[in-house]
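# Examination of the molecular architecture
Read off the chains here:
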Amino acid sequence: LKLVLPIIRIHIGLIARNEMGIEWKNHRHNVANDTSRGDNIYVHELDDEEFNELLESGAFVYDASRNPFDQGCLVNCWTFWCQARWTADAKGEF
């Protein structure tokens with residue numbers, strides 16, 4: 001249970017943001033504030049030293065405007081959990 005809850009939390013966050021795991025891992029939609037270049041700076045525009053420092057301090061913030069698939073938490077969750085991903089006549093064959 002100690003290992004399962006953090007994993008579930010990560011997956012719920014990914015679904016709520018309509019974000020893929022690789023995008024989350026690579027900080028594709030994150031910005032940082034209070035950087036040497038100002039606020040709302042895309043994290044991959046930072047130099048390596050500042051990137052690592054801000055990453056360790058937890059200063060990265062998700063920016064929904066950088067994710068074209070994020071339609072908001074409610075819509076993302078509804079789409080993931082309630083919208084069919086197959087046609088009505090699909091039989092499950094591969």
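The structure this text deals with has already been given above.
Residues numbered from 1 in each chain as written. Predicted model: local features only at pLDDT ≥ 70, side-chain atom pairs only at ≥ 80, totals over all residues. Heavy atoms only, no water.

## A few points about the layout of surface pockets
Note the threshold: Computed over the protein atoms alone on a 1 Å grid, cavities are sets of points where a 1.4 Å probe fits but cannot get out and pockets are open sets with protein on both sides within 12 Å along at least five of seven lines; a residue lines them when it has an atom within 4 Å of a point. Grid points are joined across faces, edges and corners, and a volume is the space filled by probe spheres set on the points. Going along the chain from the N terminus, every DSSP run of H or I of four or more residues is numbered as a helix, and every run of E of two or more is numbered as a strand. Gly falls in the polar group here, along with every residue not listed as nonpolar (Ala, Val, Leu, Ile, Met, Phe, Trp, Tyr, Cys, Pro) or charged (Asp, Glu, Lys, Arg).
Counted as a void, the largest pocket has a volume near 260 Å³. Along the walls of the largest pocket sit 13 residues, with Asn 18, Asn 76, Thr 79, Phe 80 and Arg 85 positioned nearest its centre. Secondary-structure elements contributing two or more residues to the lining of the largest pocket are helix H1 (4-17) and helix H4 (73-82). Broken down by element, the residue count for the lining of the largest pocket peaks at three residues, all from H4. For the lining of the largest pocket, the residue count by class is six nonpolar, four polar and three charged. In this model, the second largest pocket occupies a volume close to 180 Å³.

## Examining unusual backbone geometry
Filter applied, for reference: The rule is simple: take the accessible area with a 1.4 Å probe, protein chains only, and divide by the maximum for that residue type; under 20% is buried, over 50% is exposed, in between is partly exposed.
Even without glycine at this site, Asn 18 takes up a positive phi of about 50°. Relative to the assigned elements, Asn 18 resides in the loop between H1 and helix H2 (21-25). Among the residues examined, Asn 18 registers a relative accessible area of 37% and is labelled partly exposed. In this structure, Asn 40 is a non-glycine residue whose phi angle is positive, near 55°. Along the chain, Asn 40 falls in the loop between strand S1 (30-32) and strand S2 (41-42).

## Here we look at a nonpolar patch on the surface
Note the following rule: Put simply, a patch holds well-exposed residues, over 30% relative accessible area, that have no salt bridge, with like charges counted together within 9 Å and Val, Leu, Ile, Met, Phe, Trp or Tyr side chains within 5 Å. The Shrake-Rupley method, run with a 1.4 Å probe, gives the accessible areas here. Residue values count only the displayed protein chains as cover. The rule for a salt bridge is simple: a side-chain nitrogen of Lys or Arg has to be within 4 Å of a carboxyl oxygen of Asp or Glu.
Nonpolar side chains collect at one region of the surface, where Leu 1, Val 4, Leu 5, Ile 8 and Ile 12 lie side by side and expose about 510 Å² of accessible area between them. For Ile 12, the position within the fold is in helix H1.

## Section: the sheet that holds S1
What counts, and what does not: For two strands to pair, DSSP has to find at least two bridges joining them.
What the three strands build is an open sheet, ordered S2-S1-S3; its pairing is antiparallel. Both edges of this open sheet fall to S2 and strand S3 (60-62), since each of them pairs with a single strand only. With two bridges joining them, S1 and S2 adopt antiparallel strand pairing. Each bridged residue has a counterpart across the sheet, and for Val 31 the counterpart in S2 is Tyr 42.

## Observations concerning H1
The criterion, for reference: A helix is expected to span 1.5 Å for every residue after the first. Contact criterion: two residues are considered in contact whenever any of their non-hydrogen atoms come within 4.5 Å of each other.
In this model H1 runs 20 Å from its N-terminal to its C-terminal C-alpha over 14 residues, within 8% of the 20 Å that 1.5 Å per residue would give. Considering only its buried residues, H1 is in contact with H2 and H4. Asn 18, located one to two residues past H1, shows a positive phi value of around 50°.

Don't take any of this as a statement about function, it's just geometry.
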